[in-house]
Amino acid sequence: MKSIRTFAAAAILAALTACASHGGDAARQPDSQQSSAMSQTHTAVSKYSFDDTVRRLETAVKEKGMTVFAVIDHQAAARQSGLDMQPAKVIVFGTPKAGTPLMQKDPAFALQLPLRVLVTETDGKVQVVFNDTRALVSGSKIEFAEVENTLANAEKLIRKTVAE
């Protein structure tokens, strides 16, 4: 039970950090690219409500034959710890068919998988935040050409799902 609490606390901290780092002018852009020392992310504004955005993304992932491994509700975890925060859920998804060959080539790449997308809402605006594929493979033994028809398609799927 203690490890679950530790994980939840770490997840809350990560969500708070991620959400805080997406403030400012760039977050007001319909689709912007954020940079940090650790990764590059994209932020897209959803035209749907928070709950509808989460549902649409889960459905789109499943319809493409991928698995939703987990949905981490950071807001609920915060409430359980007596804290308050904006709605924030991370959808963890992927498919072993795409990920396994990459992890066989570069075992450390397992730290980048499965893929994740954050759905959050601030000031009445629902945003989705996800890692840039080129940033994911940067520094690994994986070349972008090896993932441009697999992992990179997740970016397109996310954008399409929140914009249509």
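Conventions used here
- Residues numbered from 1 in each chain as written.
- Predicted model: local features only at pLDDT ≥ 70, side-chain atom pairs only at ≥ 80, totals over all residues.
- Heavy atoms only, no water.
- Helix = DSSP H or I, 4+ residues; strand = E, 2+ residues; numbered from the N terminus.
- Buried < 20%, exposed > 50% of the residue type's maximum accessible area, 1.4 Å probe, protein only.
- Contact = heavy atoms within 4.5 Å.
- Salt bridge = Lys/Arg side-chain N within 4 Å of Asp/Glu carboxyl O.
- Phe/Tyr/Trp six-rings, centres within 6.5 Å; stacked < 30°, edge-to-face > 60°.
- Lys NZ or Arg CZ within 6 Å of the ring centre and 35° of its normal.
- Core = buried A, V, L, I, M, F, W, Y, C linked by side-chain atoms within 4.5 Å.
- Axes fitted to C-alpha atoms, helices over the stretch in contact; angles between N-to-C directions.
- Parallel < 35°, antiparallel > 145°, perpendicular 65-115°, else oblique.
- Left-handed = near helix turned anticlockwise from the far one by under 90°.
- Nonpolar A, V, L, I, M, F, W, Y, C, P; charged D, E, K, R; others polar.
- pLDDT = per-residue confidence, 0-100.
- Expected span 1.5 Å × (residues − 1).
- Polar contact = N/O pair within 3.5 Å; in protein donor to acceptor, adjacent residues only side chain to side chain.

- As annotated in an unreviewed UniProt entry, the chain carries the name DUF302 domain-containing protein and is attributed to Neisseria macacae ATCC 33926.

## Focus: the overall build of the chain
Then, in step 1: The helix and strand tally for the chain stands at seven helices and six strands.
Then, in step 2: The order of α-helices and β-strands along the chain, N terminus first, is α-α-β-β-α-β-α-β-α-β-β-α-α.
Then, in step 3: The buried share among the 164 residues of the chain stands at 39%.
Then, in step 4: Partitioning the intrachain contacts of the chain with sequence separation of at least 6 by distance along the chain shows that 63% fall at a separation of at least 24.

## Side note on the pattern of salt bridges
For side chains of opposite charge, pairing can occur when their charged atoms come near one another.
Then, in step 1: For the structure on display, the rule yields four salt bridges.
Then, in step 2: Glu164 is paired through a salt bridge with Lys160; the nearest N and O atoms lie 4.0 Å apart.
Then, in step 3: A residue is classified by how much of its surface remains accessible, and Glu164, at 48% relative accessible area, is partly exposed.

## Some remarks on the environment of Thr53
Then, in step 1: The topology assignment puts Thr53 in helix H3 (residues 50-63).
Then, in step 2: Placed 73 residues apart in sequence, Thr53 and Val126 show a C-alpha to C-alpha distance of 8.0 Å.
Then, in step 3: Non-local contacts of Thr53, meaning those with residues more than four positions away in its chain, are made with Ser46, Tyr48, Val119, Val126, Val128 and Val162.

## So, the packing of aromatic side chains
Then, in step 1: In this structure the tally under the stated criterion is zero aromatic pairs.
Then, in step 2: The ring of Tyr48 is capped by Arg56, whose NZ or CZ atom sits 4.1 Å from the centre of that ring.
Then, in step 3: When the ring centre of Phe144 is taken as origin, the NZ or CZ atom of Arg134, which lies over that ring, is 3.8 Å away.

## Quick notes on the nonpolar core
Within soluble globular proteins, side chains that are nonpolar tend to cluster in buried spots.
Then, in step 1: Core analysis: the biggest nonpolar cluster contains 28 residues, and Leu57, Ile91, Phe93, Val117, Val119 and Val128 have the highest contact counts within it.
Then, in step 2: In this structure, Ala78, Val90, Val92 and Leu118 belong to the second largest nonpolar core, which totals seven residues.

## With respect to the packing of H3 against helix H7 (residues 151-163)
Then, in step 1: Look at H3 against H7: their axes get within 10 Å of each other, and the N-to-C directions meet at 135 degrees. On the basis of their axis angle, the class for H3 and H7 is oblique. The hand of the H3/H7 crossing is right-handed. Contacts between H3 and H7 involve Thr53, Arg56, Leu57, Ala60 and Val61 on the former and, on the latter, Leu157, Ile158, Thr161 and Val162.
Then, in step 2: Considered class by class, the residues forming the contact of H3 with H7 number six nonpolar, two polar and one charged.

## As for the confidence of the model for the chain
Then, in step 1: Chain-level statistics for the chain give a pLDDT mean of 83 and a share of 76% at 70 or above.
Then, in step 2: Below pLDDT 50 for its whole length, residues 1-38 participates in 49 contacts with residues either more than four positions away or in separate chains.

## Remarks on H3
Then, in step 1: The end-to-end C-alpha distance of H3, which contains 14 residues, comes to 20 Å, matching closely the 20 Å that a straight helix rising 1.5 Å per residue would cover.
Then, in step 2: The elements touched by buried residues of H3 are strand E3 (67-73), strand E4 (88-94), strand E5 (115-122), strand E6 (125-131) and H7.
Then, in step 3: Of the residues flanking the end of H3, it is Gly65, one or two places downstream, whose phi is positive at about 85 degrees.

## Describing the environment of Glu146
Then, in step 1: Locating Glu146 in the fold gives a position in the loop between helix H6 (133-137) and H7.
Then, in step 2: Taking C-alpha positions, Glu146 is 10.0 Å from Pro101, a pair spaced 45 residues apart along the chain.
Then, in step 3: When residues no more than four places from it in sequence are discounted, the contact partners of Glu146 are Lys105 and Lys141.
Then, in step 4: In this structure the side chain of Glu146 is engaged in a polar contact, spanning 2.8 Å, whose partner is the side chain of Lys105.

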